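Here are the chains, one letter per residue:
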Amino acid sequence: MQRRAQREQRDQRAKRLHRVLVCAAAVPVMLVAAGCSSDSGSGDSTDKAAKAAASASASPSPTVEAAAYGKLPEPCKALSKKTLKDLVPEGKSGKEGKSDDISTRGNCSWNSLDNNGVKGSQFRWLNVSMLRFESDVARGPADKLAQEYFEKQVQDAQATEGAKSTKSEPVPGTGDEATAVRYELKKKEGTFKQQTVVARVENVVVTIDFNGAGLAGDKSPSADDLMKDAKKAAKEAVAAVSEANGAGGGKASGAPSKSPSGSPSKSASKDASDEPSGGASKSPSKKPASKS
């Protein structure tokens, strides 16, 4: 009996020792597994961060199509001597308006008074203004910005305060798009007949303001004749813009470009919504359009 009890005690000790050894062997395995799991997670995060950085560097920066035209002609030389002689026969040298950047904004005006003494006199006033836009990533391509300004110029002319008998019509064959607006303004000196032609060629907007009146009892000029002259001047000014930028053929002759639809440079963008001033404010026949 005593031997049997001793064997049982030895067996129990052996079993306990076996369990201890098994547990001791299992601990390193668990640690190794945990270590592998931790390394794997760190590696995934690093890979994801690397892929994200590579993707960000591969994404292209925002771009916008460059402006077609980079400069403007001298405004007082945009019209030929013959055209000036026809429109403002008594006009001397044009008066150029001030501009902080002649490559983006310019205008020139002429006055003409044909005095016939007691028979009255004929007054004419002509103004040429040009505004060039530059492409801007935030605002859009230059020709689109020019198109928006073109539309605003037309709307301003149509909404001139005190205007009577206002009419508008498209002007084909002048730049990419052009619109003529005519109306009458009654002043104490007489009735002034105003013709405004707004044209866009690429990223440049050209505005021709031309008016005439018969003063001191002289008869009023023909609105149709004045409009014909204004359209001629607009087409010539558009051609001057194209020629100043080395463009010829269709552009120089006033034909539309292939892309019928550009932000002014920093100096012009400050007041791009305002019609260039200069001689316009001195004309007795045209009141500046309200600015928006």
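A brief structural summary. (Residues numbered from 1 in each chain as written. Predicted model: local features only at pLDDT ≥ 70, side-chain atom pairs only at ≥ 80, totals over all residues. Heavy atoms only, no water.)

**With respect to the side chain of Arg182**
The condition that has to hold: Counting from the N terminus, the helices are the DSSP runs of H or I reaching at least four residues and the strands are the DSSP runs of E reaching at least two. Counted as a polar contact is a pair of N or O atoms within 3.5 Å, where, for protein atoms, one must be capable of donating a hydrogen and the other of accepting one, and residues adjacent in sequence contribute only when both atoms are in side chains. What makes two residues a contact is simply this: any of their non-hydrogen atoms within 4.5 Å.
Relative to the elements of secondary structure, Arg182 occurs in strand E5 (residues 177–187). A polar contact is formed between the side chain of Arg182 and the side chain of Asp224, at a distance of 2.9 Å. If sequence neighbours within four positions are ignored, Arg182 has contacts with Ser165, Thr166, Lys167, Glu169, Gln194, Gln195, Ala223, Asp224 and Met227.

**Side note on the sheet that holds strand E3 (residues 121–132)**
Stated precisely, the cut-off is as follows: Here, any two strands with at least 2 DSSP bridges between them count as paired. The axes are straight lines fitted to the C-alpha atoms, using for helices just the contacting stretch, and the angles between their N-to-C directions are given from 0 to 180°.
With antiparallel pairing, the seven strands of this open sheet are ordered in space as E1-E2-E3-E7-E6-E5-E4. Bordering the open sheet on either side are strand E1 (95–96) and strand E4 (164–170), each of which pairs with just one other strand. Relative to strand E6 (residues 190–201), E5 runs antiparallel, the two sharing eleven bridges. Looking at the pairing, Arg182 lines up with Gln195 of E6. This element, helix H4 (residues 223–244), spans E3, E4, E5, E6 and strand E7 (204–215) of the sheet and lies at about 30° to E6.

**Comments concerning the state of the cysteines**
What counts, and what does not: We call a pair of cysteine sulfur atoms a disulfide when they lie within 2.5 Å. Each residue gets one of three labels from its accessible area relative to the maximum for its type: buried under 20%, exposed over 50%, partly exposed in between, using a 1.4 Å probe on protein chains only.
For the structure shown, the criterion picks out one disulfide. Linked covalently through their sulfurs, Cys76 and Cys108 form a disulfide whose S-S length is 2.0 Å. Since a negative S-S torsion denotes a left-handed disulfide, the Cys76-Cys108 link at about 95° is right-handed. Taken as a pair, Cys76 in the loop between helix H1 (2–58) and helix H2 (81–87) and Cys108 in strand E2 (residues 105–115) lie far apart in primary sequence, 32 residues in all. Judged by its relative accessible area of 22%, Cys76 is partly exposed. Note on Cys108: relative accessible area 0%, which makes it buried.

**Here we look at unusual backbone geometry**
A positive phi angle is found at Glu202, which is not glycine, with a value near 55°. You can see Glu202 is positioned in the loop between E6 and E7. Overall, Glu202 belongs to the buried group, its relative accessible area being 9%. Phi at Ala216 takes a positive value of approximately 55°, unusual for a residue other than glycine. One can find Ala216 in the loop between E7 and H4.

**Points about the nonpolar core**
Inclusion rule: By convention a nonpolar core is built from buried Ala, Val, Leu, Ile, Met, Phe, Trp, Tyr and Cys residues, the set being connected through side-chain atoms within 4.5 Å.
Residues Leu126, Val197, Val206 and Ile208 are the most contacted members of the largest nonpolar core, which totals 29 residues. For this core, the element with the most residues is H4, which contributes eight residues. Aside from chain neighbours lying at most four places away, what touches Leu126 is Leu79, Leu84, Leu87, Val88, Cys108, Ser109, Trp110, Ile208, Asp209 and Phe210. Counting 14 residues, the second largest nonpolar core, distinct from the first, contains Leu131, Leu145, Phe150 and Val198.

**What about the pairing of E7?**
Where burial is concerned, most of E7 is hidden: twelve out of the twelve residues are buried. Here E7 shows no split at all, with Val204, Val206, Ile208, Phe210, Gly212 and Gly214 on one side and Val205, Thr207, Asp209, Asn211, Ala213 and Leu215 on the other all buried. Bridge analysis of E3 against E7 gives twelve bridges, and the strand direction is antiparallel. Bridge pairing in E7 places Val128 opposite Ile208.

**So, the environment of Gln195**
If you trace the backbone, Gln195 turns up in strand E6. Judged by its relative accessible area of 1%, Gln195 falls in the buried class. The sequence separation of Gln195 and Leu226 amounts to 31 residues, and the corresponding C-alpha distance is 6.9 Å. Apart from residues no more than four positions distant in its own chain, Gln195 is found in contact with Val181, Arg182, Ile208, Asp209, Phe210, Ala223, Leu226, Met227 and Ala230.

**Quick word on the packing of aromatic side chains**
Let me state the cut-off plainly: Pairing of aromatic rings covers Phe, Tyr and Trp, the last through its six-membered ring, and needs centres within 6.5 Å; plane angles under 30 degrees mean stacked, over 60 mean edge-to-face, and all others mean tilted.
Taken as a whole and judged by the stated rule, the model has two aromatic pairs. With centroids separated by 6.1 Å and ring planes inclined at 80°, the aromatic side chains of Phe123 and Phe192 adopt a geometry described as edge-to-face. In this pair, Phe123 sits in strand E3 while Phe192 sits in strand E6, placing the two residues 69 residues apart along the sequence. Judged by its relative accessible area of 10%, Phe123 falls in the buried class. Seen in terms of ring centroids, Phe133 and Tyr149 are 5.6 Å apart; in terms of plane orientation they differ by 50°. Their pairing is tilted. With a gap of 16 residues between them, Phe133 in the loop between E3 and helix H3 (142–158) and Tyr149 in helix H3 connect regions that are remote in the sequence. Residues Phe133 and Tyr149 agree in their burial class; the two are buried.

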